[in-house]
Amino acid sequence: EICDRWKDPIVVVVFATESDFQAHSVHNSTWRRACTQMNILIHEPAEEEIRIKENYPVNKLRNQGLDAVQTSHILMLDVDLVPSKGLDSVIRETLLNFKSLQETQPHGNAIVVPAWERIIAKPCATLEECKQHWQADREHYIPQDLEALQNCVKERNCSVFQERINRDGHSSTQSASWLKKNWYHFNQASQTEEVKRVPCFDSVRYEPYLVLPWCSPDATTPYYDERFHGYGKNKIQHVSHVRYMGYRFSVLPQGFVVHYPHPESRIKEIWNDRGGNTLHDDMDKLYPTFLKELHQTYFNATLHLVPQCESMKKKKKTT
């Protein structure tokens, strides 16, 4: 489904031993034939990554994928996110529109791809059960375009990604307004319509999926911090890093991604089991430390930082 909707290059990193991967060689060869734009990489796990499940090296896998990228920009997605049909073309068109602006934007551009999720009445217990839901209504189950997404939201079968359990994660995208096609604002100075920016972050927990420059002469996008492992804060840290570097954030018109329902992953179960391990507490402690490091490293760039919405409100009250 992903390969049908996204025709540009795809890099997939699989956490598996070489023997495990070869054991599924029939499936792998089928994937490669059906998805010629896909490059599959294997991450051979270290002994402690197998023995200690909370050491799952999520950011190491992401960085391995980044090293294989040969395009000017990247969109880093988890495998359970499905793009709208033609999302790659929408991104390319938006990047072309940004080209003239990039010359006057020394700190970089990040493009937010709005994220939604498919809701099902009863969570599926197995991957096979989830697959059956999709196969029963393959054409409409995961919306392919804006009209289908609007209908899915109207019928309460879709909502903003993790809106019920992690509102701060995507609230700054202002998805309800985006869904009504409020994608542009008029720039009085240039007398042109421009893609709307994210004026401020509702929370330091904002973790949108971003299109970022990579293999281009002026690319400054950082790697993911590999101290973050297992589950929790591993993507937020990268968004915060880009923000502290002075990137501006704009919201992509028309295109989007949708989360495909699936049973809770083993690493998510470990994250939630605070009495059985220290993963949750370790990542919660590491994140504020990481933010302090960013502040120290990019102190001179904080003037260009996308502000917190709360600080903007306070500033308005005092002026």
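These lines cover the structure that appears in this document, whether it is placed above or below. (Residues numbered from 1 in each chain as written. Predicted model: local features only at pLDDT ≥ 70, side-chain atom pairs only at ≥ 80, totals over all residues. Heavy atoms only, no water.)

A short note on the overall build of the protein
- For the protein, the count of helices and strands is 13 helices and 12 strands.
- Taken against the 2.2 N^0.38 rule, which gives 20 Å for 319 residues, the C-alpha radius of gyration of the protein at 20 Å falls within 12% of a compact globule.
- In terms of overall dimensions, the protein has a C-alpha envelope of 60 × 45 × 40 Å along the principal axes.
- Counting all 319 residues of the protein, 47% fall into the buried class.
- Restricting to contacts in the protein with at least 6 residues of sequence separation, those with at least 24 account for 81%. (Helix = DSSP H or I, 4+ residues; strand = E, 2+ residues; numbered from the N terminus. Rg over C-alpha atoms; globule rule 2.2 N^0.38 Å. Buried < 20%, exposed > 50% of the residue type's maximum accessible area, 1.4 Å probe, protein only. Contact = heavy atoms within 4.5 Å.)

Description of the packing of aromatic side chains
- Summed over the entire model, instances satisfying the criterion amount to 11 aromatic pairs.
- Seen in terms of ring centroids, Trp-178 and Phe-256 are 6.3 Å apart; in terms of plane orientation they differ by 75 degrees. Their pairing is edge-to-face. With Trp-178 in helix H9 (residues 175-179) and Phe-256 in the loop between strand S11 (248-251) and strand S12 (257-259), this residue pair connects regions lying 78 residues apart in the sequence.
- By relative accessible area, Trp-178 is classed as buried at 3%.
- Phe-256 gets classed as buried once you look at its relative accessible area, which sits at 0%.
- Ring centres of Phe-201 and Phe-249 lie 5.1 Å apart, and the angle between their planes is 75 degrees; on these two criteria the pair is classed as edge-to-face. Placement of Phe-201 in the loop between strand S9 (192-195) and strand S10 (209-213) and of Phe-249 in strand S11 is noted, with a sequence separation of 48 residues between them.
- With a relative accessible area of 3%, Phe-201 lands in the buried category.
- Residue classification places Phe-249 among the buried positions, given a relative accessible area of 0%.
- Members of the aromatic cluster, connected to one another through ring pairs, are Trp-116, Trp-178, Trp-183 and Phe-256. (Phe/Tyr/Trp six-rings, centres within 6.5 Å; stacked < 30°, edge-to-face > 60°.)

Description of the sheet that holds strand S4 (residues 81-83)
- The four strands are arranged S4-S12-S6-S7 in an open sheet whose pairing can be described as mixed. Looking at the sheet topology across the chains shown, the edges are occupied by S4 and strand S7 (158-160). When strand polarity is set aside, the average angle formed by the axes of neighbouring strands in this sheet is 35 degrees.
- Alignment of S4 against S12, held across three bridges, turns out to be antiparallel. Across the sheet, the residue bridging to Leu-81 is His-259, located in S12. (Pairing = 2+ DSSP bridges. Axes fitted to C-alpha atoms, helices over the stretch in contact; angles between N-to-C directions.)

Structural notes on the side chain of His-259
- Tracing the sequence through the fold places His-259 in strand S12.
- Among the polar contacts listed, one links the side chain of His-259 to the side chain of Asp-80, at a separation of 3.1 Å.
- With residues near it in sequence (within four places) discarded, His-259 still touches Asp-80, Leu-81, Trp-116, Glu-117, Arg-118, Ile-142 and Phe-161. (Polar contact = N/O pair within 3.5 Å; in protein donor to acceptor, adjacent residues only side chain to side chain.)

Here we look at the environment of Asp-145
- Of note, Asp-145 is situated in the loop between helix H7 (127-136) and helix H8 (146-154).
- On the basis of relative accessibility, which here comes to 41%, the residue Asp-145 falls in the partly exposed class.
- Separated by 58 residues in the primary sequence, Asp-145 and Leu-87 place their C-alpha atoms 9.2 Å from one another.

Describing empty space enclosed by the protein
- According to the stated counting rule, one finds two cavities of 30 Å³ or more in the structure shown.
- Considering only enclosed or pocket space, the largest cavity measures out at about 80 Å³ in volume.
- Along its surface, the largest cavity is lined by Ile-74, Met-76, Pro-208, Tyr-209, Leu-210, Leu-212, Tyr-224, Lys-235, His-238 and Val-239.
- The element best represented in the lining of the largest cavity is S10, accounting for three residues. (1 Å grid on protein atoms, 1.4 Å probe; cavity = no way out; pocket = protein on both sides within 12 Å on 5 of 7 lines; lining within 4 Å. Points joined across faces, edges and corners; volume = space filled by probe spheres on them.)

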